[in-house]
Amino acid sequence: MTISVPINAPLEPTVPFIDLVPQYRTLSADVLSAVERVLSEQKFILGEEVAGLEQEIAAYCGTRHAVGCNSGTDALILALQALNIGPGDEVITTPFSFFATASAICRVGATPVFADIEAESFNIDPQAVEEAVTPRTKAIVPVHLYGQCAAMEPLQRIASRHGLAIVEDACQAIGAEYRGRRAGALGRVGCFSFFPTKNLGGAGDGGMLTTDDADLAQRARRLRVHGDAGQYEHLELGMNSRLDALQAAVLRVKLKHLETWTTARQRNARRYHELFRQANLTDVLVLPRTQPDLRHVFNQYCVRVRYDLRDRVMQELRDRKIGCAVYYPKPLHLQTCFAHLGYRAGQFPVAEAASKSVLALPIYPELPASHLERVVMVLEEVCRGVLAASTTQRLRRAA
């Protein structure tokens, strides 16, 4: 059966959740030149390109050292290994994060201990961290979720009081700041991801550790090459987690533009705020809040949808070709592979509520203003329609 579509029927424009092509087009000549340089030299693993990126990232973050590795996940694992965290140890972290935050703790043989989050920031709640400390606790892994730093000052006080290391999961937060200091320089060690969709994304996987501790940096460099101290002298069991020179070359080109892209993300976030308020949508949506003494870099722009309407709103947006996503639909303490830890539903109510209500909207730097305005326009239509339908259903049930 053939379905006829009127010739003059308007086609709704697609708004992608993220589009990496426009950014590449502006940098393609420089990126290809950097890649050609590596290919012509045939030096693909570590080497001068990686060393150059390490120096530049350390300078950008305000640390003395940076160590490149294969991914943000490996950065977390290497950081914990370098701190001698392993079997029998506990590490406190958030249940509302990407899976790697907790899996890295398990990979070194330690036990993740979850603490609930703050409702406004989505970041780990320092009071909950304090309550989770035991004699077996060795470290805290706060996540600077969506691009905004966790409450580091109270976390630092807790760490100092109990003799704990802080490992920053800054994989979504390169360039974020807490009271004038950048993510990656706020704990004993910071961990970054260069996954392509990050604010600073490569042409594949890549990661980095940052630290002021020379001994820790030296050990991380050894651990990333199977614990080899040189000349095939292996002092300990490490892993194969070397950053490719090709990735480093691409990232060095892109790092020069990171501040411009961050400014664009912040501009898009401000525009969302303005348009949502003009549309009187703040009764349905809870907008992200930036703390006054922090610099939010908006890896994601996440709203909360009230009244348990998130899934219906998300489906309606997708039907209207508006890109959106949920980070994260199931908190870590309820993941099947962590069932042995003994957590139960309802134990971390703030994280669980966030997982049911949060919705990420397009925020990438090259997002056209017309696309952003369309997101808000369609979201206004969808929210009003879904809210009206939900109210009607409740009234019918009550009758």
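Residues numbered from 1 in each chain as written. Predicted model: local features only at pLDDT ≥ 70, side-chain atom pairs only at ≥ 80, totals over all residues. Heavy atoms only, no water.

Draft legend 1. Molecular detail of the overall build of the chain. Of the regular secondary structure elements, the chain holds 12 helices and 13 strands. A globule of 399 residues ought to have a C-alpha radius of gyration of about 21 Å, and the chain, at 23 Å, matches this closely. The principal-axis extent of the C-alpha atoms belonging to the chain is close to 75 × 55 × 45 Å. Here the chain holds 399 residues, and 55% of them are scored as buried. Put simply, 71% of the contacts in the chain that link residues at least 6 apart link residues at least 24 apart. Surface summary for the chain: the accessible area is close to 18,200 Å², and the carbon and sulfur share equals 52%. (Helix = DSSP H or I, 4+ residues; strand = E, 2+ residues; numbered from the N terminus. Rg over C-alpha atoms; globule rule 2.2 N^0.38 Å. Buried < 20%, exposed > 50% of the residue type's maximum accessible area, 1.4 Å probe, protein only. Contact = heavy atoms within 4.5 Å. Areas by Shrake-Rupley, 256 points an atom, 1.4 Å probe, with all protein chains shown as cover.)

Draft legend 2. Broad picture of the packing of aromatic side chains. By the definition in use, this model includes 14 aromatic pairs. Pairing Tyr-343 with Phe-348 gives two aromatic rings, centres 5.4 Å apart and planes at 50 degrees, and the pair type is tilted. For the pair Tyr-343 and Phe-348, one class covers both residues: buried. Among the aromatic residues, those joined into a ring-pair cluster are Phe-17, Phe-96, Phe-98, Phe-122, Tyr-146, Tyr-327 and Tyr-328. The aromatic ring of Tyr-60 is capped on one face by Arg-182, whose charged end is 4.1 Å from the ring centroid. (Phe/Tyr/Trp six-rings, centres within 6.5 Å; stacked < 30°, edge-to-face > 60°. Lys NZ or Arg CZ within 6 Å of the ring centre and 35° of its normal.)

Draft legend 3. Region of interest: the sheet that holds strand S10 (residues 285-286). Pairing within the open sheet is antiparallel, and its 3 strands lie in the order S10-S12-S13. Strands at the two margins of the open sheet, each flanked by one partner only, are S10 and strand S13 (358-361). Bridge analysis of S10 against strand S12 (residues 301-305) gives 2 bridges, and the strand direction is antiparallel. The residue of S12 that forms the bridge with Leu-285 is Val-305. (Pairing = 2+ DSSP bridges.)

Draft legend 4. The packing of helix H3 (residues 72-82) against helix H4 (residues 100-107), seen in detail. Orientation of H3 relative to H4, taken along the N-to-C sense of each, is 40 degrees, at an axis distance of 9 Å. Taken together, H3 and H4 sit at an angle that is classed as oblique. When the axes of H3 and H4 are compared, the crossing they make is right-handed. Contact with H3, carried on its side by Thr-73, Leu-76, Ile-77 and Leu-80, involves Ala-100, Thr-101, Ala-104, Ile-105 and Arg-107 of H4 and no other residues of that element. Taken together, the residues that form the contact of H3 with H4 break down as 6 nonpolar, 2 polar and 1 charged. (Axes fitted to C-alpha atoms, helices over the stretch in contact; angles between N-to-C directions. Parallel < 35°, antiparallel > 145°, perpendicular 65-115°, else oblique. Left-handed = near helix turned anticlockwise from the far one by under 90°. Nonpolar A, V, L, I, M, F, W, Y, C, P; charged D, E, K, R; others polar.)

Draft legend 5. Summary view of H4. Across the 8 residues of H4, 6 count as buried, placing the element largely inside the fold. Within the sequence span of H4, burial applies to Ala-100, Thr-101, Ala-102, Ser-103, Ala-104 and Ile-105. Next to the buried residues of H4 lie H3, strand S2 (90-93), strand S3 (111-114), strand S4 (137-141) and strand S5 (165-169). One or two steps after H4, the chain reaches Gly-109, where phi turns positive at roughly 90 degrees.

Draft legend 6. Summary view of helix H2 (residues 47-61). The terminal C-alpha atoms of H2 lie 21 Å apart, and with 15 residues this matches the ideal 21 Å at 1.5 Å per residue to within 8%. Every buried residue of H2 is listed here: Glu-49, Val-50, Gly-52, Leu-53, Glu-54, Ile-57, Ala-58, Tyr-60 and Cys-61. In the segment just after H2, Gly-62 is the residue with positive phi, at about 85 degrees. (Expected span 1.5 Å × (residues − 1).)

Draft legend 7. Inspection of the pairing of S4 at higher detail. Of all 5 residues in S4, 4 are buried; the element is thus mostly enclosed. The pairing of S4 with S5 spans 2 bridges and is parallel. Residue pairing in the sheet places Ile-140 in a bridge with Ile-166 of S5.

Draft legend 8. Molecular detail of the side chain of His-333. Turning to its location among the elements, His-333 is positioned in the loop between helix H10 (310-319) and helix H11 (349-357). Take His-333: its relative accessible area is 2%, and that puts it in the buried class. At 2.8 Å, the side chain of His-333 forms a polar contact with the side chain of Glu-352. (Polar contact = N/O pair within 3.5 Å; in protein donor to acceptor, adjacent residues only side chain to side chain.)

Draft legend 9. Examining the UniProt feature "active site" (unreviewed entry) in the chain more closely. Those places that UniProt annotates as "active site" (unreviewed entry) correspond, in this numbering, to Lys-198. Mapping Lys-198 onto the fold places it in the loop between strand S8 (189-193) and strand S9 (207-211). For Lys-198, a relative accessible area of 18% corresponds to the buried category. Ignoring any residue separated from it by four or fewer positions in sequence, one finds Lys-198 in contact with Cys-171, Gln-172, Ser-193, Arg-265 and Asn-299. (UniProt positions renumbered as here; feature names shortened; annotations may be inferred.)

Draft legend 10. Region of the structure containing unusual backbone geometry. In this chain, Tyr-327 is followed by Tyr-328 through a cis amide linkage whose omega measures 20 degrees. With respect to the secondary-structure elements, Tyr-328 resides in the loop between H10 and H11. We note that Asn-84 has phi near 65 degrees; this positive angle belongs to a residue other than glycine. For Asn-84, the position within the fold is in the loop between H3 and S2. The phi dihedral of Asn-280 falls on the positive side, at around 55 degrees, and the residue is not glycine. Topologically, Asn-280 is positioned in the loop between helix H9 (258-278) and S10.

Draft legend 11. Expanded view of the side chain of Gln-300. Counting through the fold element by element, Gln-300 comes out in the loop between strand S11 (294-295) and S12. In this structure Gln-300 comes out as buried when scored by relative accessible area, which is 11%. With residues up to four places along the chain from it excluded, the contact list for Gln-300 reads Phe-17, Tyr-146, Tyr-327, Ala-360 and Ile-363.

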